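# Structural overview for review
The lines below spell out each chain.
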There are 2 protein chains.
Amino acid sequence: MENQKNFLTTAPYKGTRDFYPEEMRLRNWMFSVMRETVLSFGYQEYDGPVLESFDLYKAKSGEEIVERQLYDFIDKGERRVAIRPEMTPTLARMVAGNLRNLPRPVRWFSIPNLWRYEQPGKGRLREHWQLNVDLFGVDTYRAELEILLIADSILKKFGAPQGSYQIKVSHRKLLDSFLKTTLKLNEDQVHGVSKLLDKKSKISAEAFEAEIKPLLNNAQEQLPLIETYLSSTLENVSEIPGIDSESVSFIRNLFRELGELGVGKQLTFDPSIIRGFDYYTGCIFEVFDTNPENRRSLYGGGRYDNLIGLFSKEQLSGIGFGLGDVTLKNFLEGHNLIPDLGRQTTVFLPIMDESLFLETSKLSKELRENGILTETMLDSAKIGKQIQVAEKKGYRYVLFLGESEIQSESVQIKDLVSGEQKSLPRKGLSEILKKDFQL
Amino acid sequence: MENQKNFLTTAPYKGTRDFYPEEMRLRNWMFSVMRETVLSFGYQEYDGPVLESFDLYKAKSGEEIVERQLYDFIDKGERRVAIRPEMTPTLARMVAGNLRNLPRPVRWFSIPNLWRYEQPGKGRLREHWQLNVDLFGVDTYRAELEILLIADSILKKFGAPQGSYQIKVSHRKLLDSFLKTTLKLNEDQVHGVSKLLDKKSKISAEAFEAEIKPLLNNAQEQLPLIETYLSSTLENVSEIPGIDSESVSFIRNLFRELGELGVGKQLTFDPSIIRGFDYYTGCIFEVFDTNPENRRSLYGGGRYDNLIGLFSKEQLSGIGFGLGDVTLKNFLEGHNLIPDLGRQTTVFLPIMDESLFLETSKLSKELRENGILTETMLDSAKIGKQIQVAEKKGYRYVLFLGESEIQSESVQIKDLVSGEQKSLPRKGLSEILKKDFQL
């Protein structure tokens, strides 16, 4: 009988991804574009630990997260801890912990990995990364203006063309006034109807009607009013009796100024925008992919008052948004916005002969010290094989340093894209490579 | 009676750190220096999920990690999982999972965060980050040569002066031959004595003697021989009878070639280097801080054969090292190598008057689009207060755009370091800022 060994699986934990160099290059590129954009607005990066106390989420996160999606457990010291499912609780804890020393406005961002126990599916994984951008200490519409400018700039920086996305904006007080004043619903009804409106786009019109009727105590006459509200524009929404006129002017003013700053065409008023989280209290927005095959919310955010109320008596209003890497990647793929990241504009050095290893190493050391990325082979396999490795690793240039080049104080350079090969002087090589080959 | 609210703590979970922008700048700077160095050698970045199956660590990590330090728990789907305490098991899994498609030599690096349940103390935290550098598929000394070159280059890139660190090198086969052939110990004794030698520097000479005697069956005459071995040099170690001569020539050759590549003075042969992990099988090394107040191991690594044996019948030899952020930071602080990262060479825009907000926003938009980081205020507080914010945030330049500047199509620029202030034309401002102010 054969002696069989039970090998371990090489698959990652369900719902997570391995980032091989190819995927990592893509991730790093995505993060660097995000980072560059938010840094250009003066935002500063922060991070916190992946584990937090369970109590933080119990107090701060929604019920669905805490009861069904949280990775929580008891540590070896009997503390109940959880892997972060979202960044806002950590952010709130950190801001509250150093409130008096932070110069305002506080402009912060982070790109944490977050964990939720979900059934993995398209755009939904157990581990994902999310850009979090937050601005604190500005109570006027200018905070909304800046945050929407950034939300727009990020997609522009990725090269997203006009029309590939839409920014839908609404205001919590608008919906509140509609439900409480116009429809005269009580607290429980407001809660139930809000939740239902939030998922309206995901269910059929019949299902929506069937679910909303009991919530309205079967007051059928209210249904057309709801339809009127949901399809209203920024021009006519204030005609609905009881609607909060302040938030209407707020959005009008915001849109006018954003229009002057070049963010006009992609902005839409959409009173059906709800944003699930309970902590939003003011202006809310969602960015949608217009790709017919991926017509979904890319990211969103809004204003929340009193973020730090769990930690302190002090008040602090903030506004922010979160952009996940999985949905962003789907957007970029759908609009063909991912560049070829495989080709490295650097040099690869084969070993022409075993006796030349040290000479080759000295050359690569010199190039690196001059800032030129240089990978070398470590043994003298057949030269054709070594060039194959350079090809597979995505190098454009191969340098050859053989006996005759050492004699004539030169190197040969081969361009793997054009196939061209020529001789370069050994002296001042780094400068030539930088100047003539853009290395 | 007062209505007291129980506030949550703002402290992070025990043994972990919050990275406020100041600490994050330091972390980003440290990681970017590491990254730049390993990228210059052609290494490619990878990453894996923070959670792995418990079985992976049970099979691959040392007993102390699995039984006492692992953050493991049962997920909501009844899988036993663990937060990664080290990166090598993930690395092995990933390399094994794509073995045939990886062009060799495989050169990979990662900077993961790792978790261990430890008693927090100086240089020891529950969450830390660690640069992992690994090279696979090269069986000759040249793999060791490259890895040691990198280990040295990283500290040089941080500006570490000659003499601030020492690289101690040994070989597992040297110790093995000494214990098995010279001392004629059996397997159990070899294991016990190796473990004891590994901690020798941390205990007193008396404690060492008391612990080693029973391991040697009280063969007192072997003690001087052990002392001879531990204090031997690369010149005289081969005089010890039974010592593996191949590994001695291996290290001699390695040192000679590294000497020719500029890594000579910091290299030392040290037969007392053990490296705790069971998976090292060849050359091993440790980098020590020479600072008398922090004389400790900074990082280390070595060669391991058959890294992927748990996943596949195939063989693959590798060599690598891990460098933790906490020990590195202590080293950099001890040698005064951390630059001032607080000062931002970018511009800060106050709002001179409420009516000028939109004009100011257009200017900042223009500067950002030209690649100049620009933070603006969002309301027109007293100008002195706004400049204070710029000071606190570390800005060097403040731009003023008031009514008179708008009239004369100019801006005022103030250098907060020199106190100087002058007028610049509004047209072509970005180019002037880049050229004359290096922005």
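Being a predicted model, the structure only gives us computed values, none of them experimental. (Residues numbered from 1 in each chain as written. Chains lettered and ligands numbered in written order. Predicted model: local features only at pLDDT ≥ 70, side-chain atom pairs only at ≥ 80, totals over all residues. Heavy atoms only, no water.)

Its rotation angle being 180°, the transformation that places chain B on chain A also includes 0.0 Å of axial translation and leaves an RMSD of 0.1 Å. Such values leave the two copies arranged in the relation of a two-fold axis. Measuring from the rotation axis to each C-alpha of chain B, the shortest distance belongs to Phe73(B), at 3.2 Å. The fraction of interface residues of chain B whose copies in chain A are also interface residues reaches 100%, indicating that both copies meet through the same surface. (Least-squares fit on C-alpha atoms with pLDDT ≥ 70 in both. Contact = heavy atoms within 4.5 Å.)

With that settled, consider the packing of helix α8 (residues 205-215) of chain A against helix α9 (residues 223-230) of chain A. All names here are of chain A. With their axes 12 Å apart at the nearest point, α8 and α9 run at an angle of 120° to one another. Comparing the axis directions of α8 and α9 gives the class oblique. Here the hand of the crossing between α8 and α9 comes out right-handed. On α9, the residues touching Phe208, Glu209, Ile212 and Lys213 of α8 are Leu223, Ile226 and Glu227. Grouping the amino acids of the contact of α8 with α9 by side-chain chemistry returns four nonpolar, no polar and three charged. (Axes fitted to C-alpha atoms, helices over the stretch in contact; angles between N-to-C directions. Helix = DSSP H or I, 4+ residues; strand = E, 2+ residues; numbered from the N terminus. Parallel < 35°, antiparallel > 145°, perpendicular 65-115°, else oblique. Left-handed = near helix turned anticlockwise from the far one by under 90°. Nonpolar A, V, L, I, M, F, W, Y, C, P; charged D, E, K, R; others polar.)

By the definition in use, this model includes 59 salt bridges over all chains. A salt bridge links Arg27(B) to Asp47(A); its shortest N-O distance comes to 3.0 Å. In this pair, Arg27(B) is assigned in helix α1 (residues 21-40) and Asp47(A) in the loop between β1 (44-45) and β2 (51-53), connecting two distinct chains. With a shortest N-O distance of 3.5 Å, Glu211(B) and Lys199(B) are connected by a salt bridge. (Salt bridge = Lys/Arg side-chain N within 4 Å of Asp/Glu carboxyl O.)

Residue and element names in this part refer to chain B. Reading across from one edge, β2-β4-β3 is the order of the three strands in this open sheet, with antiparallel pairing throughout. If you trace the sheet from one side to the other, it starts and ends with β2 (51-53) and β3 (71-74), each paired once. Averaged over all neighbouring strand pairs, the angle between strand axes comes to 35°, with direction disregarded. Strand direction decides the pairing type here: β2 and strand β4 (residues 80-83), joined by three bridges, are antiparallel. If you follow Glu52 over to β4, its bridge partner there is Ala82. (Pairing = 2+ DSSP bridges.)

This part covers the interface of chain B and chain A. Between chain B and chain A, the contact holds 99 residues from the first and 99 residues from the second. Between chain B and chain A lies a buried interface of about 8,300 Å² when both sides are counted; carbon and sulfur atoms form 60% of it. Among the residues of chain B in contact with chain A, Lys76(B), Arg142(B) and Leu378(B) are the three that bury the most area, contributing 9% of the side total. Put simply, chain B and chain A have 12 salt bridges between them. For Asp72(B), the salt bridge identified is with Lys76(A), shortest N-O distance 3.4 Å. Viewed at the interface, chain A and chain B are joined by 42 residue pairs in polar contact (both at pLDDT 80 or more). By residue number, the principal contributor to the side of chain B that touches chain A is α1(B), which donates seven residues. Broken down by class, the residue content of the side of chain B that touches chain A amounts to 46 nonpolar, 20 polar and 33 charged. (Buried area = accessible area lost by both parts, 1.4 Å probe. Polar contact = N/O pair within 3.5 Å; in protein donor to acceptor, adjacent residues only side chain to side chain.)

Residue and element names in this part refer to chain B. Contact geometry for helix α6 (residues 172-182) and helix α9 (residues 222-230): axes closest at 12 Å, N-to-C directions at 160°. When the axes of α6 and α9 are compared, the pair comes out roughly antiparallel. Here α6 runs over α9; the crossing is right-handed. Here Leu174, Leu175, Phe178 and Thr182 of α6 come into contact with α9, specifically with Leu225, Ile226 and Tyr229. Broken down by class, the residue content of the contact of α6 with α9 amounts to six nonpolar, one polar and no charged.

All right, on to the pairing of strand β17 (residues 421-425) of chain B then. All names here are of chain B. In this structure, strand β16 (residues 410-415) lies alongside β17, joined through five bridges in antiparallel fashion. The partner of Gln412 across the bridge, within β17, is Ser423. The turn linking β16 back onto β17 is made up of five residues, and Gly419 within it adopts a positive phi angle of 85°.

Next up on the list: helix α7 (residues 187-198) of chain A. Residues and elements named next belong to chain A. With 12 residues, α7 should cover 16 Å at 1.5 Å per step; its first-to-last C-alpha distance of 17 Å lies within 8% of that length. Those residues of α7 that sit buried are Gln189, Val190, Gly192, Val193, Ser194, Leu196 and Leu197. Here the buried face of α7 lies against α6 (172-182), α8 and α9. Near the N-terminus of α7, the side chain that reaches the backbone nitrogen of Asp188, with its oxygen 3.2 Å away, is that of Asn186. (Expected span 1.5 Å × (residues − 1). Buried < 20%, exposed > 50% of the residue type's maximum accessible area, 1.4 Å probe, protein only.)

What follows is about the UniProt feature "binding site: L-histidine" (unreviewed entry) in chain A. All names here are of chain A. With numbering aligned to this structure, UniProt lists the feature "binding site: L-histidine" (unreviewed entry) at Glu86, Met87, Thr88, Arg116, Gln130, Asp134, Arg275, Tyr279 and Tyr280. With respect to the helices and strands, Gln130 occurs in strand β7 (residues 127-136). Considering the arrangement of structural elements, one finds Asp134 in strand β7. You can call Asp134 buried: its relative accessible area is 4%. If sequence neighbours within four positions are ignored, Asp134 has contacts with Tyr43, Leu91, Val106, Arg107, Trp108, Tyr304, Ile319 and Gly320. (UniProt positions renumbered as here; feature names shortened; annotations may be inferred.)

With that settled, the discussion passes to the packing of aromatic side chains. For any pair of aromatic rings, the description rests on two quantities: the centre-to-centre distance and the angle between the ring planes. The final tally for this structure, using the stated rule, is 35 aromatic pairs over all chains. Summarising the aromatic geometry, the rings of Phe178(A) and Tyr229(A) are spaced 4.2 Å apart at their centres and angled 10° between planes, so their arrangement reads as stacked. Here the residue Phe178(A) occupies a position in helix α6, and Tyr229(A) occupies one in helix α9, the gap between them amounting to 51 residues. Each of the two residues, Phe178(A) as well as Tyr229(A), counts as buried. If you follow Arg27(B) out to its NZ or CZ, it ends over the ring of Phe19(B), 4.6 Å from the centre. Residue placement shows Arg80(B) over the ring face of Phe54(B); its charged tip is 3.7 Å from the ring centre. (Phe/Tyr/Trp six-rings, centres within 6.5 Å; stacked < 30°, edge-to-face > 60°. Lys NZ or Arg CZ within 6 Å of the ring centre and 35° of its normal.)

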